[in-house]
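# Descriptive analysis of the structure
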Amino acid sequence: MSIDAVLAETKAPLGTLHSCVCTDRIQETGDIVTLEFQRTDGRMFDFLAGQFVTIRFSWDGDRYARVFTIASPPTRPQRIALTIKAAANGRATRILHDHFITGCSVEISEPGGDFTLDGRAVEKALFVCAGSGITPLMSMVRAQYDRGSDLDLAFIQCARTPDDVLFGQELRMLRESMPKLRVETVCSQTPGSGQPQGGGRLDATRLARLVPDAATRTAFLCGPTGFMQAMRRHLIELAVPAERIFMESFGLEPSPANKAFGSTEAVVTFERSGVRCESNEGETILHLAEAKDIYIETSCRMGVCGTCKVKLLQGEVEMNDMGGLTEIERLDGFILSCCSMPRGDVVIDL
C-alpha cells in the first residue's frame, strides 16, 4: 500500500478536536518534559507512528495552539505521549513544561503528516535526530518493537552533552531486544566545558564511519532546520538518493522561489478589519496581519496543521504549504496564512 493510501484512511479531518486530560508527567531533562494524555470519551487514539497533532489549551485567560509530534507508538492507543521542549521565548511551551500536571485539560486534533514508515517499502532504515527531534523516531522504533519487527535500523541521536540525551536507557533496552537495531549517540560537548567531545558534531566523515552502508538505507531526519539541511547534504554526499531522504522539521524557511515571488509589490486588504497594507519581500499574510494587530490563530507556522486558514476573497497567493488544507477547503477558497504570499493585490476575509 502506498503512503497516500495509508494516509487516506484517516478517519477525521485535522480540524476535529477531542477533549483530553493529562494522565502522567515525566521530566526527561532540565528543559524537556513528556506529557501523557487520554481522551475523556474513553476512545482510543488512531494515528501512524511519526505523525503530529495540534493541541489547544487555555491558561490565565489566553488560548494557545501548538503542534507536537507524537512520541508514543500507535500500538499503545489508550494514550499519546508528547515530549515537549520548553522554548526560551515560547510562552506556550513554558506553560506546558512548568505548570501542566495530571488532570490538566487540553483539546487534541486528529493526526497529520506523512513522516512515517507506514506505507513505504523500507528494507533498511536510518534515523538521524537532534534534540527533541527524536520524538517521531521514538514513536516509530517503539512501534517496531511492539510488532516484533526485524527491520534493519541504524539510529543516531545527536545532543550537546550526555545530560541532553533523550531516552538513552530505553534505547539501550530496545537495542538488546531488537537484534537489527543499532544505536549511536553523538555528543558535541562535554558538560559545562564548551569543548568538543568524541569528534564534535556529526559530519559526513563520521556519519560514513557510523553507518558505512548508508547508501542502501532510507533515511528519516528530524531536528532543527540547520541540522536537517546539513544531514541531508551529508547523506547525498554518501550516495543516498534524495528520494529516500525524508525530513520532519517545523519552522522551515520559505523557499528561494517564494522569496523572489514575494518581492512583487502588492496590497493586502483585510476586508472585515478595514485594513489595507503593502507587502514587502518575503512577507506572508500571517506576518502582515500580525503587524497590523489582526488576530489569526496559529500553531506550526509552516503549513502543516491548518490552524491559520483564512478565506481568500480576491486575487491569488503563492502557497508553500505542507498538506494543512483539505481539497474541499482549497476549492472553497481557503489559504494558509502562515505560508501564503500575495501574488499581486489580494483581499482576505478577515
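On a predicted model such as this, the values are computed, not experimentally measured, just so you know.

### So, the pattern of salt bridges
In total, this model carries 15 salt bridges according to the counting rule given. Between Lys-124 and Asp-213 there is a salt bridge; the shortest N-O distance is 2.6 Å. Separated by 89 residues along the polypeptide, Lys-124 in strand E7 (residues 124-130) and Asp-213 in the loop between helix H5 (204-210) and strand E10 (218-222) bring together distant segments of the chain. Residue Asp-213 pairs with Arg-182 through a salt bridge whose shortest N-O separation is 3.7 Å. Separated by 31 residues along the polypeptide, Asp-213 in the loop between H5 and E10 and Arg-182 in strand E9 (residues 181-187) bring together distant segments of the chain. What makes Arg-182 partly exposed here is its relative accessible area of 32%.

### Focus: the sheet that holds strand E8 (residues 152-159)
The strand order across the open sheet built from 5 strands is E9-E8-E7-E10-E11, with neighbouring strands paired in parallel fashion. The sheet is open, and its two borders are formed by E9 and strand E11 (245-248), each paired with just one other strand. Across this sheet, the average inter-strand angle for adjacent strands is 15 degrees, counted without regard to direction. Along the sheet face, helix H4 (residues 168-177) touches E8 and E9 and points at about 150 degrees away from the line of E9.

### Points about the packing of aromatic side chains
In the structure shown here, the tally under the stated rule is 7 aromatic pairs. Seen in terms of ring centroids, Phe-57 and Tyr-64 are 5.3 Å apart; in terms of plane orientation they differ by 25 degrees. Their pairing is stacked. For Tyr-64, a relative accessible area of 9% gives the class buried. Pairing Phe-127 with Phe-155 gives two aromatic rings, centres 5.7 Å apart and planes at 70 degrees, and the pair type is edge-to-face. Separated by 28 residues along the polypeptide, Phe-127 in strand E7 and Phe-155 in strand E8 bring together distant segments of the chain. Exposure remark for Phe-155: the relative accessible area of 1% places this residue in the buried category.

### Comments concerning the pairing of strand E2 (residues 32-39)
Counting buried residues in E2 gives 7 out of 8 residues, a clear majority hidden from the surface. Where strand E1 (residues 17-29) lies against E2, 8 bridges are found, and the strand directions are antiparallel. Bridge assignment links Thr-29 to a residue of E2, and that residue is Ile-32. Looking at chain direction, E2 and strand E5 (residues 80-85) are connected through 6 bridges and run antiparallel. Bridging from a neighbouring strand, Thr-34 pairs with Thr-83 of E5.

### So, the sheet that holds strand E16 (residues 340-348)
Here we have 5 strands laid out as an open sheet, ordered E13-E12-E16-E14-E15, and mixed in their pairing. The sheet terminates laterally at strand E13 (275-279) and strand E15 (334-336), the two strands that pair on one side only. Pairwise comparison of adjacent strand axes, ignoring direction, gives a mean angle of 50 degrees for this sheet. Across 3 bridges, the pairing between strand E14 (residues 309-319) and E15 is antiparallel. Within E15, the residue paired with Lys-309 across the bridge is Leu-336.

### Here we look at the side chain of Glu-110
Tracing the backbone through its elements, the reader meets Glu-110 in the loop between strand E6 (105-109) and E7. Put simply, Glu-110 is tucked away with no salt bridge, and the nearest opposite charge, on Arg-39, sits 4.5 Å away.

### Thoughts on helix H3 (residues 135-146)
The end-to-end C-alpha distance of H3, which contains 12 residues, comes to 17 Å, matching closely the 16 Å that a straight helix rising 1.5 Å per residue would cover. Summarising burial for H3: 10 of the 12 residues are buried, a large majority. Along H3, the residues that are buried comprise Thr-135, Pro-136, Leu-137, Met-138, Ser-139, Met-140, Val-141, Arg-142, Ala-143 and Gln-144. Downstream of H3 by a residue or two, Gly-148 has a phi angle that is positive, lying close to 70 degrees.

### Some details on the confidence of the model for the protein
As a general rule, the predicted coordinates of low-pLDDT regions are not to be interpreted in detail. In this model, the protein carries a mean pLDDT of 86, and residues with pLDDT of at least 70 account for 87%. No element of the protein has a lower mean pLDDT than helix H7 (residues 256-262), which averages 40, and none a higher one than H3, which averages 98. Confidence over residues 4-14 falls short of pLDDT 50; this stretch has 20 contacts with residues more than four positions distant or in other chains. Across residues 193-199 the pLDDT falls below 50, and counting only partners more than four positions away or on other chains, this stretch makes 14 contacts in the model.

### Points about helix H6 (residues 225-237)
Between its first and last C-alpha atoms H6 spans 19 Å; for 13 residues at 1.5 Å apiece the expected length is 18 Å, and the two agree. Here H6 has its buried residues at Thr-225, Phe-227, Met-228, Ala-230, Met-231, His-234 and Leu-235. Its buried side turned inward, H6 meets E7, E8, H5, E10 and E11. Once H6 finishes, Ala-239 follows within two positions and takes phi at roughly 75 degrees, a positive value.

### Some thoughts on the nonpolar core
Within soluble globular proteins, side chains that are nonpolar tend to cluster in buried spots. Membership of the largest hydrophobic core comes to 26 residues, with the highest contact counts inside it found for Phe-127, Ile-134, Leu-137, Met-140, Val-141, Phe-155 and Leu-181. Among the secondary structure elements, those contributing two or more residues to this core are E7, H3, E8, H4, E9 and E10. Ranked by the residues each element gives to this core, the list is headed by H3, at 5 residues. Look past the residues within four positions of Met-140 in its chain and what remains in contact with it is Ala-49, Gly-50, Phe-115, Thr-116, Leu-117, Phe-127 and Phe-220. Among the nonpolar cores identified, the runner-up in size contains 23 residues, and Val-33, Phe-45, Ile-55 and Ile-70 belong to it.

Definitions and cut-offs
- Residues numbered from 1 in each chain as written.
- Predicted model: local features only at pLDDT ≥ 70, side-chain atom pairs only at ≥ 80, totals over all residues.
- Heavy atoms only, no water.
- Salt bridge = Lys/Arg side-chain N within 4 Å of Asp/Glu carboxyl O.
- Helix = DSSP H or I, 4+ residues; strand = E, 2+ residues; numbered from the N terminus.
- Buried < 20%, exposed > 50% of the residue type's maximum accessible area, 1.4 Å probe, protein only.
- Pairing = 2+ DSSP bridges.
- Axes fitted to C-alpha atoms, helices over the stretch in contact; angles between N-to-C directions.
- Contact = heavy atoms within 4.5 Å.
- Phe/Tyr/Trp six-rings, centres within 6.5 Å; stacked < 30°, edge-to-face > 60°.
- Lys, Arg positive; Asp, Glu negative; His and termini not counted.
- Expected span 1.5 Å × (residues − 1).
- pLDDT = per-residue confidence, 0-100.
- Core = buried A, V, L, I, M, F, W, Y, C linked by side-chain atoms within 4.5 Å.

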